[in-house]
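Topology and contacts: notes
Below are the chains, spelled out letter by letter.
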Amino acid sequence: MMSVGAARNCIAHFKDIDSSKYSFSSPTAIANQSVHFTNNHINVLFYIYCILLQKYYQELSSQSMNGCGGDPRAPLGTTETRTFPAAATPALAADRLNSALFNLKSNPPLSDSGIIRIEVPIQQRIEALDWLRCQSHNLLLPRCYFSGRDSTPLIENGDHSDHKKRLVSVAGLGSSVFFRDLSPFSLDDWHSIKRFLSKKCPLIRAYGAIRFDAGYKIAPEWKGFGSFYFMVPQVEFNEFEGSSMIAATIAWDNALSRTYEQAIAAVEATMWQVSSVVRRLNGSTPSAVLLHQTHVPDKSSWDSAVKRALELINRKDSKLIKVVLARSSRALTTVAIDPLEWLTSLQVEGDNAYQFCLQPPDSPAFIGNTPERLFYRNRLSICSEALAGTRARGGSEFQDLQIGQDLLSSTLIEPYKALRKLPRVQHLYSQLTGSLQKEDDEFKILSSLHPTPAVCGDPMEEARSLISKIEMFDRGMYAGPVGWFGGAESEFAVGIRSALVTKGAGALLYAGTGIVEGSDSSMEWQELQLKTSQ
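Values in this document were obtained by computation on a predicted structure and should not be read as measured data. (Residues numbered from 1 in each chain as written. Predicted model: local features only at pLDDT ≥ 70, side-chain atom pairs only at ≥ 80, totals over all residues. Heavy atoms only, no water.)

This part is about the packing of aromatic side chains. For any pair of aromatic rings, geometry is given as the distance between the ring centres together with the angle between the planes. Under the criterion given, the structure shown has 20 aromatic pairs. With 6.3 Å between their ring centres and 25 degrees between their planes, F178 and Y229 make a pair best called stacked. Of the two residues, F178 sits in strand β5 (residues 164-181) while Y229 sits in strand β7 (residues 228-240), which places them 51 residues apart along the sequence. Of the residues examined, Y229 reaches a relative accessible area of 2% and is grouped as buried. An angle of 55 degrees between the planes, with centres 5.1 Å apart, marks the rings of F356 and F366 as tilted. With F356 in strand β11 (residues 354-359) and F366 in strand β12 (residues 365-370), this residue pair connects regions lying 10 residues apart in the sequence. This pair shows no difference in class: F356 is buried, exactly as F366 is. These aromatic residues form a ring-pair network of at least three members: F185, F228, F230, F375, F443, F485 and F492. The ring centre of W484 lies 3.6 Å from the NZ or CZ of R205, which sits over that ring. Lying across the ring of W525, R327 places its NZ or CZ 4.6 Å from the centre. (Phe/Tyr/Trp six-rings, centres within 6.5 Å; stacked < 30°, edge-to-face > 60°. Helix = DSSP H or I, 4+ residues; strand = E, 2+ residues; numbered from the N terminus. Buried < 20%, exposed > 50% of the residue type's maximum accessible area, 1.4 Å probe, protein only. Lys NZ or Arg CZ within 6 Å of the ring centre and 35° of its normal.)

Following H450, the chain continues to P451 via a peptide bond in cis, the omega torsion being -5 degrees. Here P451 lies in the loop between α11 (441-449) and β17 (457-458). Each neighbour pair has its own omega, and for D458 with P459 the value is -10 degrees, a cis peptide bond. Tracing the sequence through the fold places P459 in the loop between β17 and α12 (460-470). The backbone of D362 sits at a positive phi, close to 55 degrees, despite the residue not being glycine. Looking at the element boundaries, D362 is found in the loop between β11 and β12. Given a relative accessible area of 66%, D362 falls into the exposed group.

Locating G476 in the fold gives a position in the loop between α12 and β18 (481-485). Filtering out sequence-adjacent residues up to four positions away, G476 remains in contact with R211, F212 and W222. (Contact = heavy atoms within 4.5 Å.)

Using the criterion set out here, one finds 22 salt bridges in the structure. Here R117 makes a salt bridge to E236, at a shortest N to O gap of 3.1 Å. Taken as a pair, R117 in strand β2 (residues 113-122) and E236 in strand β7 lie far apart in primary sequence, 119 residues in all. Neither R117 nor E236 differs from the other in exposure class; each is buried. Between D253 and R195 there is a salt bridge, with the nearest N and O atoms lying 2.8 Å from each other. Remark: R195 occurs in the loop between α6 (187-194) and β6 (206-210) and D253 occurs in strand β8 (residues 244-253); sequence separation between them is 58 residues. By sharing partners, the salt bridges in this structure join K194, K199, R377, E439 and E442 into a single network. (Salt bridge = Lys/Arg side-chain N within 4 Å of Asp/Glu carboxyl O.)

Let's shift gears to helix α4 (residues 90-106). With 17 residues, α4 should reach 24 Å at 1.5 Å per residue; the first-to-last C-alpha distance of 24 Å fits that figure. Along α4, the residues classified as buried are P90, A93, A94, L97, A100, L101 and L104. In an axial view of α4, the angular spread of the buried residues amounts to 120 degrees, which keeps them on one side of the axis. Buried residues along α4 sit against β1 (78-83), β2, β8 and α7 (260-273). (Expected span 1.5 Å × (residues − 1). Arc of directions from axis to C-beta.)

This brings us to the environment of Q293. Residue placement: Q293 occurs in strand β9 (residues 290-296). Judged by its relative accessible area of 33%, Q293 falls in the partly exposed class. Along the chain, Q293 and L332 lie 39 residues apart, while their C-alpha atoms are 6.1 Å from each other. If sequence neighbours within four positions are ignored, Q293 has contacts with S329 and R330.

Turning our eyes to something else, we now look at the environment of F179. For F179, the location among the structural elements is in strand β5. Taking C-alpha positions, F179 is 7.1 Å from I193, a pair spaced 14 residues apart along the chain. Those residues within four positions of F179 in sequence are excluded, and the remaining contacts are N66, G67, C68, S192, I193, F196, F228, Y229, F230 and V232.

The subject of this paragraph is the side chain of S384. Turning to its location among the elements, S384 is positioned in strand β14 (residues 381-392). A relative accessible area of 12% places S384 in the buried class. One polar contact links the side chain of S384 to the main-chain carbonyl oxygen of L374, over a distance of 2.6 Å. Once residues within four sequence positions are removed from consideration, S384 is found in contact with R373, L374, F375, S430, Q431, L432 and L449. (Polar contact = N/O pair within 3.5 Å; in protein donor to acceptor, adjacent residues only side chain to side chain.)

With that out of the way, let us pick up empty space enclosed by the protein. Inspection of every chain in the model, using the stated rule, returns 5 cavities of 30 Å³ or more. Around the second largest cavity, the lining residues are R211, F212, D213, Y216, I467, S468, E471, F473, D474, R475 and G476. For the lining of the second largest cavity, a count of residues per class yields 4 nonpolar, 2 polar and 5 charged. (1 Å grid on protein atoms, 1.4 Å probe; cavity = no way out; pocket = protein on both sides within 12 Å on 5 of 7 lines; lining within 4 Å. Points joined across faces, edges and corners; volume = space filled by probe spheres on them. Nonpolar A, V, L, I, M, F, W, Y, C, P; charged D, E, K, R; others polar.)

Inspection of the sheet shows β1 paired to β2 by 6 bridges, in the parallel sense. Among the inter-strand pairings, T79 is bridged to a residue of β2, identified as I115. In terms of handedness, the path from β1 via α4 over to β2 forms a crossover that is right-handed. (Pairing = 2+ DSSP bridges. Right-handed = clockwise from strand over helix to strand, strands pointing away.)

What follows concerns the packing of helix α8 (residues 299-314) against helix α13 (residues 521-532). Following both chains from N to C, one finds α8 and α13 inclined at 120 degrees, their axes separated by 10 Å at the closest point. Judged by the inter-axis angle, α8 sits oblique to α13. For the crossing formed where α8 meets α13, the hand is right-handed. Contacts from K299, W302, D303 and V306 in α8 reach S521, S522, E524, W525 and L528 in α13. Residues of the contact of α8 with α13, tallied by class, amount to 4 nonpolar, 2 polar and 3 charged. (Axes fitted to C-alpha atoms, helices over the stretch in contact; angles between N-to-C directions. Parallel < 35°, antiparallel > 145°, perpendicular 65-115°, else oblique. Left-handed = near helix turned anticlockwise from the far one by under 90°.)

And the structure:
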């Protein structure tokens, strides 16, 4: 092992080199420089070489294309999924995937645009969130995570066997193609996403979220998300019931200045950085202790906002029946919060709830643990649901039953009512189902259902207008649609019970509560406290 003194001499010698004589534009160029060093310098130079190599691959893998820039209705030349034999471990699966990438590089398709997914099943179940946490050394690439509820639908297994397996959760690193714009999410944007999806490739999906209100000025903390942000991961880890799968997706379009060669090089660079060692990392980082918390609005401003809303609701000439007012709480902690570790700790709260994480490049992470489905589509069949009312769980079984009966006695338009019980709270719940006339109606359904009365109010336009006037912060993706588009299926939740984890020491927590005739501002404030306690 090299001594500290020898290392310092080596570094000093390295600094004396005229770097203008050498090109470090690629790993090959780095390795081919003709520079003479003594044996004492080898270890440090190798370390520096590895750093330069890592930076090169990070820059290469972070390059992607925005799919919103082209013709949204132009068909892709190639759409394909290739499934390879199952491997016993993640490491063997990654090796098999790298070999497949090499073969794809050697035999490029002839089309000018396309998307190809290559996947290798793994003969053991590994949690997708554990896999993604083991990639936390790479914070430059976008990442995503989505875990469905217990009612997540069955899909065909990757080995194309006759039986089906339930896809439990998905984790993604890097984006083969992303979709982002500052303008409101439009039908053309929807077509731009659907252009890269296909019924014959059900696991090629675009994961992302849409702002609650695209007309509201984007705050600095939400800048990287734009008005909407979706990504098709470069490298993806799928967790099934009883097995797993690792996959890589190559997307290209010459019309978007993204060639096949560039796309596959970027995926290779991301695979070079992927760790194949997956282990549960519970307690691996220092615990974040809450130092200080501030609310926007504060209690006094909240009371004023509720008073203003009630005055409008009670006016005889007003159509407003309900408005949902929200609060942003900035939590300052002793150390930076790991958003993925936070999600892991929330898994105990995750029964009957969706879990998600979305983090564009160089942006905070938007995470959540939401119980509310916006809609699920399977071809032309579609279902949605309504959540209304929030009550704490009872301290005893009898008290919990009493609180539930109180909820069930509330009025709701849909005649069938049930209870959705979560570890800390319970809600009134009703399900709605229907059929689309054509698949393009998916965009109309999304636009019609969002924002729901549970996060905005009733009537929607009057409630949203009031929110834009009296709320003192940008909701961003909070209370907006969060989920995924697929070729034959799509699923979205409502982005409540959520937080924006910043890169500093802290996070922004969001919660809202419905204001109706007779609401009491202090009791509604307590409900906000109950919701953020999750």
